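For reference, the chains in residue letters:
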Amino acid sequence: MEYTLIDSWQNKLKQTFQQPSFHNLTDFLETEYQTQTIYPPQEEIFNALNYTPFDQVKVCIIGQDPYHGPQQANGLAFSVHAETKLPPSLVNIYKELAADLQEGVPQNGDLSHWAKQGVLLLNTVLTVRAGQAHSHRGNGWEEVTNAVIQSLNQHPEPIVFILWGKPAQAKTNLIDLHKHAVIKSPHPSPLSAYRGFFGSKPFSKANKYLLSWGRTPIDWVGKI
């Protein structure tokens, strides 16, 4: 598996990358990329980490696994490239954003403007087979993303963790709830959004936490 990772995260994950489970994962992915259609492209697997250096993380949104439709997944959880039609989960995220902040929504599905402000857009599993949700679950990605969250737990600044869906909420035990803030809700997919994602107000809640800590809030809409 070919990947590039910025130094701040390479240093944090060095020990994880030396584990047998990671070598098994890279062997698995090499075969998968050669024999199947896998999303995102290899060079975009670690986009979430590359867009948001460790020392800049203020909010961590955790999802499940990447979009499994063509030309959707781009390595940032819930994001798509600007020219791509919005997937249903992102449509629901934008509905909640508009209702929560009483403002407009971003012009397209590219969430890199969140990532560049310190929002780590992390899935619990970073790759997927085309058309097969959860197909790469249990092959080693969980150890990597656990290590990411454990590193964030040791961050010198408090962080807001937004956990969408059960796989994300399973990470709660890795987070020091006395130091950090956790916002939980069902996943924004059409299957579960009406069970409590709508009305959960994660965007305004996250900004209130950041302001209470003396940190700059996130411009979720992208007016800048």
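Relevant structure appears above.
Residues numbered from 1 in each chain as written. Predicted model: local features only at pLDDT ≥ 70, side-chain atom pairs only at ≥ 80, totals over all residues. Heavy atoms only, no water.

(A) The pattern of salt bridges, seen in detail. Counted by the stated rule, this structure contains 1 salt bridge. Across the pair Arg129 and Glu32 runs a salt bridge, and its minimum N-O distance is 2.8 Å. Residue Arg129 is found in strand S4 (residues 128-129), and its partner Glu32 is found in helix H2 (residues 20-35); the two are separated by 97 residues along the sequence. On the basis of relative accessibility, which here comes to 24%, the residue Arg129 falls in the partly exposed class. (Salt bridge = Lys/Arg side-chain N within 4 Å of Asp/Glu carboxyl O. Helix = DSSP H or I, 4+ residues; strand = E, 2+ residues; numbered from the N terminus. Buried < 20%, exposed > 50% of the residue type's maximum accessible area, 1.4 Å probe, protein only.)

(B) Structural detail: helix H6 (residues 141-153). In this model H6 runs 18 Å from its N-terminal to its C-terminal C-alpha over 13 residues, within 8% of the 18 Å that 1.5 Å per residue would give. Burial of H6 is extensive: 10 of the 13 residues sit out of reach of the surface. All buried positions along H6 are accounted for by Trp141, Glu142, Val144, Thr145, Ala147, Val148, Ile149, Ser151, Leu152 and Asn153. At its buried positions, H6 is contacted by helix H1 (7-17), H2, helix H3 (47-51), strand S2 (59-63), strand S3 (119-123) and strand S5 (160-164). (Expected span 1.5 Å × (residues − 1). Contact = heavy atoms within 4.5 Å.)

(C) Region of the structure containing the packing of H2 against H6. Viewed as axis vectors pointing N to C, H2 and H6 meet at an angle of 125°, and their least axial separation amounts to 9 Å. Comparing the axis directions of H2 and H6 gives the class oblique. Along its contact with H2, which presents Ser21, Phe22, Leu25 and Leu29, the element H6 presents Trp141, Glu143 and Val144. For the contact of H2 with H6, the per-class residue count stands at 5 nonpolar, 1 polar and 1 charged. (Axes fitted to C-alpha atoms, helices over the stretch in contact; angles between N-to-C directions. Parallel < 35°, antiparallel > 145°, perpendicular 65-115°, else oblique. Nonpolar A, V, L, I, M, F, W, Y, C, P; charged D, E, K, R; others polar.)

(D) Region of the structure containing the sheet that holds S5. With respect to topology, 4 strands assemble into an open sheet ordered S3-S2-S5-S6, the strand pairing being parallel. On the outer flanks of this sheet lie S3 and strand S6 (181-185), each paired with one strand and no other. The average undirected angle you get between the axes of adjacent strands in this sheet is 15°. Note that S2 and S3 share 5 bridges and pair parallel. Bridge pairing in S3 places Val59 opposite Val119. Each of S2, S3 and S5 touches H6; the most contacted strand, S3, lies at about 150° to it. (Pairing = 2+ DSSP bridges.)

(E) Looking closely at the side chain of Glu142. Residue placement: Glu142 occurs in helix H6. Although Glu142 is buried, it forms no salt bridge, and the closest oppositely charged side chain is Arg137 at an N-O distance of 5.8 Å. Ignoring sequence-local partners within four residues, the contact set of Glu142 consists of Thr124, Val125, Arg137 and Lys171. (Lys, Arg positive; Asp, Glu negative; His and termini not counted.)

(F) Examining helix H4 (residues 88-101) more closely. For H4, spanning 14 residues, the distance from its first C-alpha to its last is 20 Å, which sits close to the expected 20 Å at 1.5 Å a residue. All of the buried residues in H4 are Ser89, Leu90, Asn92, Ile93, Tyr94, Glu96, Leu97 and Asp100. The inward-facing, buried residues of H4 abut helix H5 (112-115), S5 and helix H8 (202-212). Gln102 lies just past H4 and shows a positive phi near 55°.

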